[in-house]
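For reference, the chains in residue letters:
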Amino acid sequence: MNCDQQNKAWLGGLRDDLAGFMDSLRVEGQPGRFLPCVQGATGAGRTACLGFSCLANKIYYTIGLWDKLGSEEQRAWLDLICSFQGNTSAQASFWERDAFVDQSLLDAIPLPKERLVRRVMGMFSGRQKTSPRSDAVLAETKQAIATLAQVGMTPRRPFLGFPLEERELLLRMRRLNWSLPWGAGAKTALLAVFIQAQGARLEGVNPDALGAVVVRFLESMADKETGGYFLPPRCPPRGQLINGAMKVLNALDWLGEPVQYPVQLIDTCLLQGPPPAGCHVVDWVYVVHRCLMQTDHRRHEVQMQCLEIIQLIRSHQSGDRGFSYAPGQAQKGYYGAEISLGLDEGDIHGTCLLSWAIAMILDILEWGHFGWKVIRP
């Protein structure tokens, strides 16, 4: 049996493997609720819910299990996700009351003393300061909105926690650290999702105009040599460059805009394959997948690299048949909260990321007969 045949045989049984693994993570009697892993989940891992529910939903959608659920179970699952919107105290700021908040997760995120001091000083100076907890709220809100959109739903109330005026939006993006495009790109992707998914629901807001501001700004960050997005003159390390490009391409995808320099980005990616960690693997595959939607540049070389990446992904599969975030180790941290002991077992985040990577690889290889679906994160 040659390599292609081995890969296809493994992929042919993978849906059943992952379905069994996801069954082992289910919380009995609570549709849509899942643990992050089976054996090593910590107290925070067992009480947090929103993020794991969204990740599980994406896995079900990707491997074709979502449509096989009954309508009542689907509704209960989506109701669970929606129940986290506005789940804040009366003292919360206006925008936080429309965010998706998992208080159990926030309670498990430590707030460093130096960040606490800066946060208090910011309150007195009137300047907005972020914290690990506020960053987690924004990220989980984006994840919830994207998850609902994937199955044709919108939040019960529009989310307001993003700039609603063009000047304010531009200032927000300019203040990001574009010498480190992974983080800056991620925060820009949040804005793009909120604009596209929520803007039309807000009276007096022009989502097309806001989206155009984001696109023009990202065009100004695009580098003609590497295809990446960063602030000159110093090019960031290759990992930052590709992971940052992934976040920017995610923003462009939501706004319905093309990649600025797909040929150069493919060249950058093909200089070396991704490191063996869930986020690096999926970021690399996402970038080349998006670029190949616009060009056939070096397609065969990308396909050959993807065959090697399938072998890398297989090294992440644990005895429980799920994927671990790193080979032989479940993900320990989630937005700063310790959710597992990092045992040799599959975890829900690694399984979501690598299932998504496989779906994109199948599309790149034109192996569509497996029936997997590519999500939009």
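Here the structure is a predicted model, which is why all the values come from computation and not from measurement.

Criteria and thresholds
- Residues numbered from 1 in each chain as written.
- Predicted model: local features only at pLDDT ≥ 70, side-chain atom pairs only at ≥ 80, totals over all residues.
- Heavy atoms only, no water.
- Helix = DSSP H or I, 4+ residues; strand = E, 2+ residues; numbered from the N terminus.
- Rg over C-alpha atoms; globule rule 2.2 N^0.38 Å.
- Buried < 20%, exposed > 50% of the residue type's maximum accessible area, 1.4 Å probe, protein only.
- Contact = heavy atoms within 4.5 Å.
- Areas by Shrake-Rupley, 256 points an atom, 1.4 Å probe, with all protein chains shown as cover.
- Lys, Arg positive; Asp, Glu negative; His and termini not counted.
- Charge placed at Lys NZ, Arg CZ, Asp CG, Glu CD.
- Disulfide = S-S within 2.5 Å.
- Salt bridge = Lys/Arg side-chain N within 4 Å of Asp/Glu carboxyl O.
- Axes fitted to C-alpha atoms, helices over the stretch in contact; angles between N-to-C directions.
- Parallel < 35°, antiparallel > 145°, perpendicular 65-115°, else oblique.
- Left-handed = near helix turned anticlockwise from the far one by under 90°.
- Nonpolar A, V, L, I, M, F, W, Y, C, P; charged D, E, K, R; others polar.
- Phe/Tyr/Trp six-rings, centres within 6.5 Å; stacked < 30°, edge-to-face > 60°.
- Lys NZ or Arg CZ within 6 Å of the ring centre and 35° of its normal.
- Core = buried A, V, L, I, M, F, W, Y, C linked by side-chain atoms within 4.5 Å.
- Expected span 1.5 Å × (residues − 1).

A. How the structure looks around the overall build of the protein. The helix and strand inventory of the protein stands at 15 helices and 2 strands. In terms of overall dimensions, the protein is globule-like: its C-alpha atoms have a radius of gyration of 20 Å, near the 21 Å expected for 377 residues. In terms of its C-alpha atoms, the protein occupies a principal-axis envelope of roughly 65 × 55 × 40 Å. Out of the 377 residues belonging to the protein, those deemed buried represent 54%. Here the contacts in the protein between residues at least 6 apart in sequence split such that 71% fall between residues at least 24 apart. In the form shown here, the protein has an accessible surface area of approximately 16,500 Å², with 50% of it arising from carbon and sulfur atoms. Between the averaged position of the 38 positive side-chain charges in the protein and that of its 38 negative side-chain charges there is a distance of 6 Å.

B. Spatial organisation of the state of the cysteines. Tallied over the entire structure, the rule returns 0 disulfides. C269 takes part in no disulfide bond, and the closest cysteine sulfur to it belongs to C291, at a distance of 6.6 Å. The buried category is assigned to C269, whose relative accessible area is 0%.

C. Layout of the pattern of salt bridges. Applying the stated criterion to the full structure yields 10 salt bridges. Between E73 and R26 there is a salt bridge whose closest N-O contact spans 3.0 Å. Pair noted here: E73 is in helix 4 (residues 71-82) and R26 is in the loop between helix 1 (3-25) and helix 2 (43-47), with a separation of 47 residues, a long-range link. A relative accessible area of 29% places R26 in the partly exposed class. Residues joined in a network through salt bridges with shared partners are D23, R26 and E73.

D. How the structure looks around the packing of helix 13 (residues 278-292) against helix 14 (residues 299-314). Their axes nearest at 12 Å, the elements helix 13 and helix 14 cross at an angle of 155 degrees. Taken as axis vectors, helix 13 and helix 14 run roughly antiparallel relative to one another. In this structure, helix 13 meets helix 14 at a crossing whose hand is left-handed. Contacts from V281, W284, V285, V288 and L292 in helix 13 reach R299, V302, Q305, C306, I309, L312 and I313 in helix 14. Partitioned by chemical class, the residues of the contact of helix 13 with helix 14 number 10 nonpolar, 1 polar and 1 charged.

E. Inspection of the packing of aromatic side chains at higher detail. Counting across every chain of the model gives 11 aromatic pairs. With a centroid separation of 5.3 Å and 35 degrees between ring planes, the pair formed by F34 and W77 is classed as tilted. Here the residue F34 occupies a position in the loop between helix 1 and helix 2, and W77 occupies one in helix 4, the gap between them amounting to 43 residues. Note on F34: relative accessible area 1%, which makes it buried. Residue W77 is classed as buried on the basis of its relative accessible area of 0%. When the ring of Y60 is compared with that of W77, the centres are 5.1 Å apart and the planes differ by 75 degrees; the resulting orientation is edge-to-face. Here the residue Y60 occupies a position in helix 3 (residues 50-63), and W77 occupies one in helix 4, the gap between them amounting to 17 residues. Here the aromatic cluster, defined as three or more aromatic residues joined through ring pairs, consists of F34, Y60, W66 and W77. Its guanidinium or amino end placed over the ring of Y61, K373 lies 4.9 Å from that ring's centre, counting from NZ or CZ. Here R376 stacks its cationic end above the ring of W254, 3.8 Å away from the centre of that ring.

F. Representation of unusual backbone geometry. Residue P232 is joined to P233 through a cis peptide bond whose omega torsion reads 15 degrees. Within the secondary structure, P233 sits in the loop between helix 10 (207-221) and helix 11 (238-254). Positive phi is not limited to glycine here, since R321 has a value of about 80 degrees. With respect to the secondary-structure elements, R321 resides in the loop between helix 14 and strand 1 (333-334). Among the residues examined, R321 registers a relative accessible area of 34% and is labelled partly exposed. Notably, Y335 is not glycine yet its phi reads approximately 55 degrees, a positive angle. You can see Y335 is positioned in the loop between strand 1 and strand 2 (337-338). Using a relative accessible area of 34% as the deciding quantity, one classes Y335 as partly exposed.

G. Layout of the nonpolar core. Formed by 122 residues in total, the largest nonpolar core has its most connected members in Y229 and I313. Of all the elements, helix 15 (residues 348-365) adds the most residues to this core, at 13 residues. With residues near it in sequence (within four places) discarded, Y229 still touches W178, P181, L218, M221, A222, A245, V248, L249, L252, V259 and Q260.

H. View of helix 11. Between its terminal C-alpha atoms helix 11 stretches 24 Å, which fits the 24 Å expected from 17 residues at 1.5 Å a residue. Burial analysis of helix 11 places 13 of its 17 residues in the buried class, which makes it a mostly covered element.

I. Structural detail: the side chain of H316. Within the secondary structure layout, H316 lies in the loop between helix 14 and strand 1. We classify H316 as buried; its relative accessible area is 1%.

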